[in-house]
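Breakdown of the fold
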Amino acid sequence: MDWKLFVTTALAAGIGAAAGALALASAGGGGIEHQADAKMLEIGVAILREPARVDDDPMRSWAVRVVEKKSGVSFTDQQRAALLKRAAGAR
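Quick caveat, the model's predicted, so the values are computed rather than measured. Numbering of residues starts from 1 in each chain and follows the order in which that chain's sequence is written. Totals for whole chains, interfaces and linings use every residue, but because this is a predicted model, local features are given only for residues with pLDDT of at least 70 and side-chain atom pairs only at 80 or more, for both listing and counting. Values shown for side chains rest on all heavy atoms present in the structure; no hydrogens or waters enter the calculation.

Okay, the side chain of Asp56 next. Counting from the N terminus, the helices are the DSSP runs of H or I reaching at least four residues and the strands are the DSSP runs of E reaching at least two. Here Asp56 shows up in the loop between helix H2 (32-49) and helix H3 (57-71). Put simply, Asp56 is tucked away with no salt bridge, and the nearest opposite charge, on Arg60, sits 4.3 Å away. Type-normalised accessible area, obtained with a 1.4 Å probe on protein chains alone, sets the label of each residue: buried when under 20%, exposed when over 50%, and partly exposed for intermediate values. Charged residues are defined narrowly, with Lys and Arg counted positive, Asp and Glu counted negative, and His plus the chain ends left uncounted. Salt bridges are identified by distance alone: a Lys or Arg side-chain nitrogen within 4 Å of an Asp or Glu carboxyl oxygen.

With the rule as written, the count across this model stands at 5 salt bridges. Between Asp55 and Arg53 there is a salt bridge whose closest N-O contact spans 3.2 Å. Relative accessible area serves as the criterion here: at 29%, Arg53 is assigned to the partly exposed category. A single salt-bridge network, built from bridges that share partners, covers Glu68, Asp77 and Arg80.

Turning to helix H4 (residues 77-84), a few remarks are in order. Within the span of H4, buried status applies to Gln79, Ala82 and Leu83. An end-on view of H4 places all buried positions within 100° of arc, on one side of the element. Turned more than 90 degrees away from the buried face of H4, the exposed residues are Asp77 and Gln78. Working note: the arc is built from the helix axis to C-beta atom directions.

Helix-helix packing is described using two parameters, namely the angle between the two axes and the distance between the axes. All axes here are fitted lines through C-alpha atoms, helices being fitted over the stretch that makes contact, and every angle between N-to-C directions spans 0 to 180 degrees. Where H3 meets H4, the axes come as close as 9 Å, and the angle between the chain directions of the two elements is 140°. One element, H3, and the other, H4, form an angle in the oblique class. Between H3 and H4 lies a crossing whose hand is right-handed. The residues of H4 that touch H3, namely those facing Asp57, Arg60, Ser61, Val64 and Glu68, are Arg80, Leu83 and Leu84. A class-by-class count of the residues in the contact of H3 with H4 yields 3 nonpolar, 1 polar and 4 charged. Here roughly perpendicular refers to angles of 65 to 115 degrees, roughly parallel to angles under 35, roughly antiparallel to angles over 145, and oblique to all remaining angles. Should the near helix be turned anticlockwise from the far one by less than a right angle, the crossing is left-handed, and should it be turned clockwise, the crossing is right-handed. Here a residue-residue contact requires only that any non-hydrogen atoms of the pair lie within 4.5 Å. In this classification, Asp, Glu, Lys and Arg are treated as charged, Ala, Val, Leu, Ile, Met, Phe, Trp, Tyr, Cys and Pro as nonpolar, and every other residue, Gly included, as polar.

Honestly, that's just the spatial picture; any functional story needs more than this.
So, in structure tokens, the structure goes:
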């Protein structure tokens, strides 16, 4: 399988988890903690959605950990590597 497929799958899972977390937070009294978790998940997904650059390895690593922790879904080693991998010719 192509690494782009892994990235697409991982982002789809993360976006789905973020949407679910946001729905829970907004439905019936999702407290401040749930809203903060949903926002952190949203930030993590947004970071991973952007193409990787040479200087953003620490931020992407942080975003992967946040998405895994806040969504409760772990990436496989291949998915994690694809999310952290810099694209050829990246800035």
